[in-house]
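Structural overview
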Amino acid sequence: MSKVVFKDIVKMYGDFTAVHGANLEIEDGEFMVLVGPSGCGKTTLLRMVAGLEEITNGEMYIGERLVNEISPKDRDIAMVFQNYALYPHMDVYNNMAFGLKLRKSPKAEIDKRVNEAAELLDLTDRLKHKPRQLSGGQRQRVALGRAIVRNPQVFLFDEPLSNLDAKLRVHMRAELQILHRRLQTTTIYVTHDQVEAMTLGSRVAVMSAGHLRQVDTPQNLYDNPRNKFVAGFIGSPSMNFINVTVVSKGEGIQLVSESFSVTVPNNKVDYLKGHIDRQIILGIRPENFSLDHGSSSESFIHAKVGVLEPLGDELIVYGEADGQEVVASLDPREKVTPEQSVRLAVDMQHMHAFDPDTEESLLIREEAIATA
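In this text the structure is predicted, and so the values were computed from the model without any measurement.

About the cut-offs
- Residues numbered from 1 in each chain as written.
- Predicted model: local features only at pLDDT ≥ 70, side-chain atom pairs only at ≥ 80, totals over all residues.
- Heavy atoms only, no water.
- Helix = DSSP H or I, 4+ residues; strand = E, 2+ residues; numbered from the N terminus.
- Polar contact = N/O pair within 3.5 Å; in protein donor to acceptor, adjacent residues only side chain to side chain.
- Contact = heavy atoms within 4.5 Å.
- Buried < 20%, exposed > 50% of the residue type's maximum accessible area, 1.4 Å probe, protein only.
- Pairing = 2+ DSSP bridges.
- Axes fitted to C-alpha atoms, helices over the stretch in contact; angles between N-to-C directions.
- Parallel < 35°, antiparallel > 145°, perpendicular 65-115°, else oblique.
- Left-handed = near helix turned anticlockwise from the far one by under 90°.
- Nonpolar A, V, L, I, M, F, W, Y, C, P; charged D, E, K, R; others polar.
- Salt bridge = Lys/Arg side-chain N within 4 Å of Asp/Glu carboxyl O.
- Expected span 1.5 Å × (residues − 1).
- Core = buried A, V, L, I, M, F, W, Y, C linked by side-chain atoms within 4.5 Å.

1. Focus on the side chain of Ser329
Along the chain, the position of Ser329 falls in strand E18 (residues 324–330). There is a polar contact of 2.5 Å between the side chain of Ser329 and the side chain of Glu314. The contacts of Ser329, once residues within four sequence positions are left out, are Pro286, Glu287, Phe289, Glu314, Leu315 and Ile316.

Quick look at the structure:
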């Protein structure tokens, strides 16, 4: 078993708390991504798994072993770093074999493991090359190969693709997915890039300010964020947050701002009945807007267009509604110009709502949050 368990993990540097009581269970063979902005504690958490940072409080398990006091070399993990950490004077073969040689593994076993990893990573014809003779993607494969040959219980990745160009990152993401399907090794992957997180992770743990904000599948993070931070961090462009007042209208509810009102769908009314005449934060993703051409839609927002970003497959419109920024992703063939006043129809079936004080979602039942 190579399950990894965090129990109330705390990391402090003097009076500063970098990680606040993290609880997380990573299943055997799972690909778990830790994602969040710089300084949120994700790399610190990864380094505690590796044994490179001491745990201030709490318990860390790898498999059945409590590893708090176990040295990094005895934890049966392999780590791949952002900067590859290859030995420049060694060729690819010896870079990949280095850890096995330190363990004094038999030469025949080293040959077997290195050649198998090289074939898996398409490096067979590069085994005699030095790192300086390789491309960035090939160097990253060598770093992966060095981890693979050790056949560890857990792979740890610390932003391994951040030094690659955009096209190569896409290619390497696909290779990592294929590699994980073949090896089925428990993997913990740290990144600040939400696209990497969403495309690679079986589950994704979103962090901010040392707290685990939500752990879920990529699709659930997108569809059902439990708080404003996760809602704003997942998705690009980011979700729109608009201050509105909850108003009762007959059997239904409307969300009202200075110049517009939108109607809450019937299946979401019960969630907001306790907030009548209170201000809340309405969340709308850019792709849930469309340009209103005088349809009978009950829900639309008046906005003044500012900047346009035509991207070929979509038109990103940055505008303003009641002094609040609004970003919409529209059909790229829509005729929109800067300074134009437009009506943006809102797909309220995909609305989100957040408490302005706690920033927690108002559309997720408390019991669902407690059991998740």
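This is not the end of the story, as more comes after the structure.
2. Quick notes on the environment of Tyr84
Relative to the helices and strands, Tyr84 is located in the loop between strand E6 (77–80) and helix H2 (92–102). Owing to a relative accessible area of 9%, Tyr84 belongs among the buried residues under this scheme. In the structure, Tyr84 is positioned 47 residues away from Pro131 in sequence and 9.9 Å away in space, judged by C-alpha atoms.

3. Structural notes on the sheet that holds E18
With antiparallel pairing, five strands are arranged side by side in an open sheet as E15-E19-E16-E17-E18. The open sheet terminates on both sides in strands that have one partner only, identified here as strand E15 (289–291) and E18. Between one strand axis and the next, the sheet turns through 45° on average, direction left out of account. For strand E16 (residues 300–310) and strand E17 (residues 315–321), the ladder comprises six bridges, and the chain directions are antiparallel. Looking at E17, one finds that Glu309 is bridged to Ile316.

4. A look at the packing of helix H4 (residues 136–148) against helix H5 (residues 166–183)
It is the contact of H4 with H5, at a shortest axis distance of 11 Å, that shows an interaxial angle of 20°. One element, H4, and the other, H5, form an angle in the roughly parallel class. Note on packing geometry: the crossing formed by H4 with H5 is right-handed. Counting all contacts with H4, which are made through Gly136, Gly137, Gln140, Arg141, Leu144 and Ile148, the residues of H5 involved are Leu168, His171, Met172, Glu175, Leu176, Leu179 and Leu183. When grouped by side-chain class, the residues that make up the contact of H4 with H5 number seven nonpolar, four polar and two charged.

5. What about the pattern of salt bridges?
Scanning all chains against the criterion turns up 16 salt bridges. Residue Arg278 pairs with Asp355 through a salt bridge whose shortest N-O separation is 3.5 Å. Here Arg278 is found in the loop between helix H9 (266–272) and strand E14 (279–284), whereas its partner Asp355 is found in the loop between strand E20 (352–354) and helix H10 (366–371), with 77 residues between them in sequence. Relative accessible area serves as the criterion here: at 30%, Arg278 is assigned to the partly exposed category.

6. Topic: the sheet that holds strand E9 (residues 203–208)
Read across the sheet, six strands follow the order E6-E7-E8-E3-E9-E10 without closing on themselves; strand pairing throughout is mixed. Looking at the sheet topology across the chains shown, the edges are occupied by E6 and strand E10 (211–216). Geometrically, the sheet is characterised by an average inter-axis angle of 15° between neighbouring strands, direction not taken into account. Relative to strand E8 (residues 186–191), strand E3 (residues 31–35) is paired through five bridges, and the arrangement is parallel. If you follow Val33 over to E8, its bridge partner there is Tyr189.

7. Thoughts on H4
Each α-helix winds once per 3.6 residues, and so residues spaced three or four apart point in a common direction. Here H4 spans 18 Å end to end across 13 residues, near enough to the 18 Å set by a 1.5 Å rise per residue. Taken together, the buried positions of H4 are occupied by Gly137, Gln138, Gln140, Arg141, Val142, Ala143, Leu144, Gly145, Arg146, Ala147 and Ile148. Tucked inside the fold, the buried residues of H4 contact E6, H2, helix H3 (107–120), strand E7 (154–158) and H5.

8. Thoughts on the nonpolar core
Val33, Met96, Val114, Leu144, Tyr189 and Val206 are the most contacted members of the largest nonpolar core, which has 42 residues in total. Apart from residues lying up to four places away in sequence, Val206 is in contact with Val35, His211, Leu212, Arg213, Gln214, Leu221, Phe229, Val230, Phe233 and Ile234. With 33 residues, the next largest nonpolar core counts Ile253, Ile280, Phe289 and Val342 among its residues.

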